[in-house]
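Close look at the chain arrangement
In case you want the letters, here they are:
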Amino acid sequence: MRRDALALGWALAAILALQTATATPEQPLQPLPSSAKVFADLTAQELKAVHSFLQSRGELALQPSRAPTMAKNSVFLIEMLLPKKQHVLRFLDTGRGRPVREARAVIFFGAQDRPNVTEFAVGPLPQPSYMRALPPRRGHHRSWASRPMSQAEYALLYLKLKEATKPLHEFFLSTTGFSFQDCGDRCLTFSDVAPRGVASGQRRSWLIFQRFVEGYFLHPTGLELLVDHASTDPQQWTVEQVWYNGKFYQSPEELAQKYRDGAVEVVVLEGPLPTGRRPQGPNGPPLFSSYRRRGHSSTPEGGAGGPRLVQPHGARYQLEGNAVLYAGWRFAFRLRSSSGLQVFHVNFGGERVAYEVSVQEAAALYGGHSPAGMQTRYMDVGWGLGAVTHELAPGIDCPDTATFLDAVHYYDADEPVRYPRALCLFEMPTGVPLRRHFDSNFSGGFNFYAGLPGQALVLRTVSTVYNYDYIWDFVFHPNGVMEAKVHATGYVHATFYTPEGLRHGTRLHTHLLGNMHTHLVHYRVDLDVAGTNNSFQTLQMKLENITNPWSPGHHLVQPILKQTRYLRERQAAFRFGRTMPKHLLFSSLKENPWGHKRKYRLQIHSMAEQVLPPGSQEERAVTWARYPLAVTRYRESEQCSTSIYNQNDPWDPPVVFEEFLHNNENIENEDLVAWVTLGFLHIPHSEDIPNTATPGNSVGFLLRPFNFFPEDPSLASRDTVIVWPQDKGPNNVERWVPEDKDCLRPPPFSYNGTYRPV
């Protein structure tokens, strides 16, 4: 009987989920603006059109991206090229002069005497007929060595390693049970780290050898190799150094010979040996890196699952293409292949709050005892941060009721690749009231109770950059507050345990060191607070000691407001280590009814600190990480704080954020951009096995109205509930949304409000 009831319950839940996808709200739908398409990612058809156009240009001499050679010309990336802001705003405000739709194409020219990377604008779409070169920033260049890694280069690198490590075959078998040669389901693999070398123009990568099993990131073998793969001819690639268990060797041959001579301090990885990438059978012990259930659970066998979200009346948001309408909000979005999630033309109550809020970069800066550990400075835009957005799981990554959206990327491929369910959009209860009040009569009863349940709309995607998973959220609340959040999860980046390594991390397993690192995330926030003419100021609390006016013999300490205006970019660039006021305000020229400038407040929640000393090696690529906040005047030449090339040439990167501040422009009554750095220090611990958990590993910021409205705009919400006491009979409940009458409705609403002695 119980099993039948459970089955019926899940069947009803499935029906409700289907209704969610098809039901329409009772109120008439508002038309969504087709103008949002100006921000939309390229469609598969547009990507194919650009690909075909480029292939038709004989002077490019293009070959397939996956062709097994470096000495070729190939297309690496195609994505939408954002039009100039002034052209977009003219179109949005007047409806005239739709900007020309163009693509950005990145081409690797390897079949040249002097290989190079060149970017082109291709248009107009959907039927391209021209291309023009996109130059780098003045005074910079894109070096051939700075290009991101491709699948073709990885395939050639694997073949090189397989050949170069033949002398180590017996060494591998005896110490790990795995090998590169005829290995079946016991193969070795590797993870590469970056930057690739110690100076501009180099392409020398340290590789961590691992056993290729479930969660292979946690299975280093103790061997690391330095490979020079700068040449376009893989025959010229060389193994320059070998590190094993704390000692350096000049070549695989030297290590093999010393191993045979008994001159190597060998570490044999103990069993039970993994049997391959697939999880072990139900009777075998799981790998420590596995997700297989183990340990004691208080939930009985066959027990009920957790709560789930339902929407019996359908979604309360509207979605059309890349345009969203919800509770006063109106915005467009895109998932940029190179850098990730972006929202545009963010309006609340019919007024623009921000032109763009976008992810710029995610960096992870490590320390370690092994060469790979100490070399690791990950800058994930260089690894395709926006293109590694794999499928989201309903009920886990997003509620079952979410609307899931596919993404199409052209990144290191020969045709567009569709990533199913790469984004999700959903409304959720926040679990805490947006606001509420119990108005006591102080006589055991109340005058009224009023509350508004917390609900918010979430736009989400997840970037899986090899071992780490970054969950990116933009959250929209019905009181005009917008939130940006990132949660970090996935496998820690780990190296082989040595006693010396404990200075740089934590021992997580027998042969595993979790290396300490700092996560840093950078956002661009192009605020348009009731227009493009904005100013930046801060408010702080100061204490004053005054004579008490009604008791002159006494003093009174009380807080006062201190307002600071910032007129130049350098003034508004706050360094880490310098005290930054908590109230960061962007104001319009307009006033609210009470005489205050209409403002939005930037509220930052972060634990980031200065990691690399300014001017130190590789720091030039992440100079944005000097500042938790920097405010600049809008410039078309300052669209991104980094590039896909900064990772592999941090010594001479094409984009240096610090240069955005060199002209120290006026920022009063100008179009302003806030650049926000978030982050936290991660010292791995045993509970990071198998994966880092999201609680405590998230940072973000809010954009909050501050005297922008005459009152809280969520007063318009129909979710408000007010209870008035009645002398006789049930209390009067005033509500604007009828109670649910479906099969999964909650218990009928009731509210007593009295408190009496027991």
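Everything here concerns the structure above.
The notes below deal with the structure included here. (Residues numbered from 1 in each chain as written. Predicted model: local features only at pLDDT ≥ 70, side-chain atom pairs only at ≥ 80, totals over all residues. Heavy atoms only, no water.)

1. A look at the state of the cysteines
Counted under the stated rule, the structure contains 2 disulfides. Bridging Cys183 to Cys187, the disulfide has an S-S length of 1.8 Å. An S-S torsion of about 85° defines the bridge between Cys183 and Cys187 as right-handed. Neither residue differs from the other here; Cys183 and Cys187 are each classed as buried. Shown here is the disulfide that connects Cys398 with Cys424, its sulfur atoms set 2.1 Å apart. Classification of the bridge connecting Cys398 and Cys424 rests on its S-S torsion, roughly -80°, and on that basis the disulfide is left-handed. Placement of Cys398 in the loop between strand S15 (377-379) and strand S16 (403-411) and of Cys424 in strand S17 (residues 417-429) is noted, with a sequence separation of 26 residues between them. Like Cys398, the residue Cys424 is buried in the burial classification. Ordering the disulfide-forming cysteines of the protein chain by sequence position, one finds them joined as 1-2, 3-4. (Disulfide = S-S within 2.5 Å. Buried < 20%, exposed > 50% of the residue type's maximum accessible area, 1.4 Å probe, protein only. Helix = DSSP H or I, 4+ residues; strand = E, 2+ residues; numbered from the N terminus.)

2. A short note on the side chain of Asn731
Tracing the backbone shows Asn731 in the loop between strand S35 (721-724) and strand S36 (732-735). Of the residues examined, Asn731 reaches a relative accessible area of 19% and is grouped as buried. Only 3.1 Å separates the side chain of Asn731 from the backbone nitrogen of Gln726, close enough to count as a polar contact. At a separation of 2.9 Å, a polar atom in the side chain of Asn731 contacts the main-chain carbonyl oxygen of Tyr751. Setting aside anything within four residues of it in sequence, one finds Asn731 in contact with Phe446, Val723, Trp724, Pro725, Gln726, Tyr751 and Asn752. (Polar contact = N/O pair within 3.5 Å; in protein donor to acceptor, adjacent residues only side chain to side chain. Contact = heavy atoms within 4.5 Å.)

3. Some points on the sheet that holds strand S7 (residues 220-228)
As summarised here, the arrangement of the 5 strands in space is S5-S6-S7-S8-S9, forming an open sheet in which the pairing is antiparallel. The open sheet has two edge strands, strand S5 (188-192) and strand S9 (247-249), and neither has a second partner. Going across the sheet, the axis of each strand differs from the next one's by a mean of 30°, ignoring polarity. Both S7 and strand S8 (residues 238-244) contribute to a ladder of 6 bridges, which runs antiparallel. Across the sheet, the residue bridging to Leu226 is Gln241, located in S8. In the packing of helix H6 (residues 252-260) onto the sheet, the strands contacted are S7, S8 and S9, and the crossing angle to S8 comes to about 40°. (Pairing = 2+ DSSP bridges. Axes fitted to C-alpha atoms, helices over the stretch in contact; angles between N-to-C directions.)

4. A word on the side chain of Ser150
Looking at the element boundaries, Ser150 is found in the loop between strand S4 (130-134) and helix H4 (151-164). Setting aside chain neighbours within four positions, we find Ser150 in contact with Met70, Phe76 and Asp412.

5. A closer look at unusual backbone geometry
For residues that are not glycine, phi is negative in most cases, and the peptide bond is trans in most cases. Here the residue pair Leu125 and Pro126 is connected by a cis peptide bond, since its omega of 15° sits within 30 degrees of zero. The residue Pro126 is located in the loop between strand S3 (116-123) and S4 in this model. The amide bond that connects Ala194 to the next residue, Pro195, takes the cis arrangement and shows omega of 10°. Residue placement: Pro195 occurs in the loop between S5 and strand S6 (204-211). One non-glycine residue with positive phi stands out, namely Asp182, at about 45°. Along the chain, the position of Asp182 falls in the loop between helix H5 (169-176) and S5.

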